[in-house]
Amino acid sequence: MTSMMSWQYMIRSIGNMIIPPQCPSCHELVSSDGMCGECWARLKTITPPACVQCGRGFDFDAGVARCGRCLTQPPDFDRGIAAVRYNAMSKRLILGLKYGGRHDMTPILGRMMANQGASLLHQADWIVPLPLHWTRHYSRGYNQSTELARAAMKAAGVSPKIYRPDLIKRSKRTENQGHKTRQQRRQNMRGAFRLCKNKDVVKGASILIIDDVLTTGASLSSAARCLKAGGAKHVAVLVVARVG
Ligand SMILES: [Zn+2]
Ligand SMILES: [Zn+2]
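Residues numbered from 1 in each chain as written. Chains lettered and ligands numbered in written order. Predicted model: local features only at pLDDT ≥ 70, side-chain atom pairs only at ≥ 80, totals over all residues. Heavy atoms only, no water.

A.B. asks: Report on the domain arrangement of the chain, specifying residues and quantitative values.
C.D. replies: Domains assigned within the chain are domain 1 (1–36) and domain 2 (42–242). Each of domain 1 and domain 2 was reduced to a C-alpha centroid, and the two centroids are 31 Å apart. Of the roughly 540 Å² buried at the junction of domain 1 and domain 2 (both faces included), carbon and sulfur atoms supply 61%. When the area that domain 1 buries against domain 2 is broken down by residue, the three leading residues are Pro24, Ser25 and Met35, summing to 81%. Where domain 1 meets domain 2, there are zero salt bridges. On the surface where domain 1 and domain 2 come into contact, there are two residue pairs in polar contact (both at pLDDT 80 or more). When grouped by side-chain class, the residues that make up the side of domain 1 that touches domain 2 number three nonpolar, three polar and one charged. (Domains from an automatic or database assignment. Buried area = accessible area lost by both parts, 1.4 Å probe. Salt bridge = Lys/Arg side-chain N within 4 Å of Asp/Glu carboxyl O. Polar contact = N/O pair within 3.5 Å; in protein donor to acceptor, adjacent residues only side chain to side chain. Nonpolar A, V, L, I, M, F, W, Y, C, P; charged D, E, K, R; others polar.)

Right under this line is the structure:
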């Protein structure tokens, strides 16, 4: 008897013969869904040694768990993992998803996050995509962090029941942080998030926040602070790419 899986496989195979799959980055034809080898090779995975708190990759193993910055000015989240370094290749993929409506990138980015951040995805009581301010969400039509969170959870085989986009909201619309200093970013993000659920849900919980890029971590730190103020025991972050 033919199972559902083999039907799906057959339909996909026929589909691939009519419209062969392409690398979503360079449009080169590929044999199965995903990126071509050349584009993969240009992504730089962050592997240990890396800072356990902010995910920054270390150039050499000095036998320390945290980077100098996390030792002197720690963010409000306890752990952080980034799948890859932010370079021309990862930037292209992320900008495609963020501003180009390239939703075909999502499963690939989700798999990368699941590969590197499986421990964080499996340890979390709740998984929260970093929210956009509603005005930005409205103008973009979607939140890339929501899509990444769903894709990473699916790739890691985590129950969708722990997906909680309703725990916090962004209550302050902040302008682009690109040109701001680290200190200004922190200042700018102060009070940017608000807890929207009853504190009982958050109290004592281990929460994982998902976002696309970590630059200084000011937004993620602000969201973590909000969850900690609500009684969260542990807050971790998982992102696609880490700047620096
Ligand atoms: Zn390619
Ligand atoms: Zn660090």
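A.B. asks: Mind laying out the coordination of the zinc ion (ligand 2), listing which residues take part and the relevant values?
C.D. replies: Here the zinc ion (ligand 2) is held by the protein donor atoms Cys51 (SG), Cys54 (SG), Cys67 (SG) and Cys70 (SG), which lie 2.3 Å from it. Relative to the metal, the four donor atoms surrounding the zinc ion (ligand 2) lie at angles of 106 to 117°, and the coordination shape comes out tetrahedral. Summarised as a motif, the one-chain spacing of the donors to the zinc ion (ligand 2) is C-x2-C-x12-C-x2-C. Of this pair, Cys54 sits in the loop between helix H2 (37–41) and helix H3 (68–72) while Cys67 is found in the loop between H2 and H3, placing the two residues 13 residues apart along the sequence. (Donors = N, O, S within 2.8 Å, 3.2 Å for Na, K, Ca; no water. Tetrahedral: all angles 85-135°; square planar, octahedral: opposite > 155°, others 65-115°. Helix = DSSP H or I, 4+ residues; strand = E, 2+ residues; numbered from the N terminus.)

A.B. asks: Quick one: what's the story with the nonpolar core, residue by residue and with numbers?
C.D. replies: If you look at the biggest cluster of nonpolar residues, it comprises 38 residues, and the most contacted ones within it are Leu121, Ile127, Leu208, Ile210 and Val240. Broken down by element, this core gets its largest block of residues, seven residues, from helix H5 (residues 106–123). Residues lining this core come from more than one domain, with at least three contributed by each of domain 1 (1–36) and domain 2 (42–242). With near-sequence residues (within four places) excluded, Ile127 lies in contact with Leu121, Met153, Val158, Ile162, Tyr163, Arg164, Leu208 and Ile210. If you look at the next biggest cluster of nonpolar residues, it comprises 25 residues, including Phe193, Ala224, Ala232 and Val237. (Core = buried A, V, L, I, M, F, W, Y, C linked by side-chain atoms within 4.5 Å. Buried < 20%, exposed > 50% of the residue type's maximum accessible area, 1.4 Å probe, protein only. Contact = heavy atoms within 4.5 Å.)

A.B. asks: Describe the pairing of strand E5 (residues 206–214), naming the residues involved and giving the relevant values.
C.D. replies: Burial of E5 is extensive: nine of the nine residues sit out of reach of the surface. Alignment of strand E2 (residues 126–129) against E5, held across four bridges, turns out to be parallel. From the neighbouring strand, Ile127 faces E5, where its bridge partner is Leu208. Pairing geometry for E5 and strand E6 (residues 234–242), over eight bridges, is parallel. Bridge pairing in E6 links Leu208 to Ala236. Once the chain exits E5 it traverses helix H10 (residues 218–229) before rejoining the sheet at E6, and the crossover so formed is right-handed. (Pairing = 2+ DSSP bridges. Right-handed = clockwise from strand over helix to strand, strands pointing away.)

A.B. asks: Can you explain the coordination of the zinc ion (ligand 1)? Please cite residues and give values.
C.D. replies: For the zinc ion (ligand 1), the full set of protein donor atoms is Cys23 (SG), Cys26 (SG), Cys36 (SG) and Cys39 (SG), and the range of their distances to it is 2.3 Å. Around the zinc ion (ligand 1), the four donor atoms sit at angles spanning 103 to 117°, and that spread fits a shape best called tetrahedral. Positions of the donor residues of the zinc ion (ligand 1), expressed as sequence spacing, correspond to C-x2-C-x9-C-x2-C. One end of the pair, Cys26, is in the loop between helix H1 (4–18) and H2; the other, Cys36, is in the loop between H1 and H2, with ten residues separating them in the sequence. Residue classification places Cys26 among the partly exposed positions, given a relative accessible area of 33%. Its relative accessible area of 9% is what places Cys36 among the buried residues.

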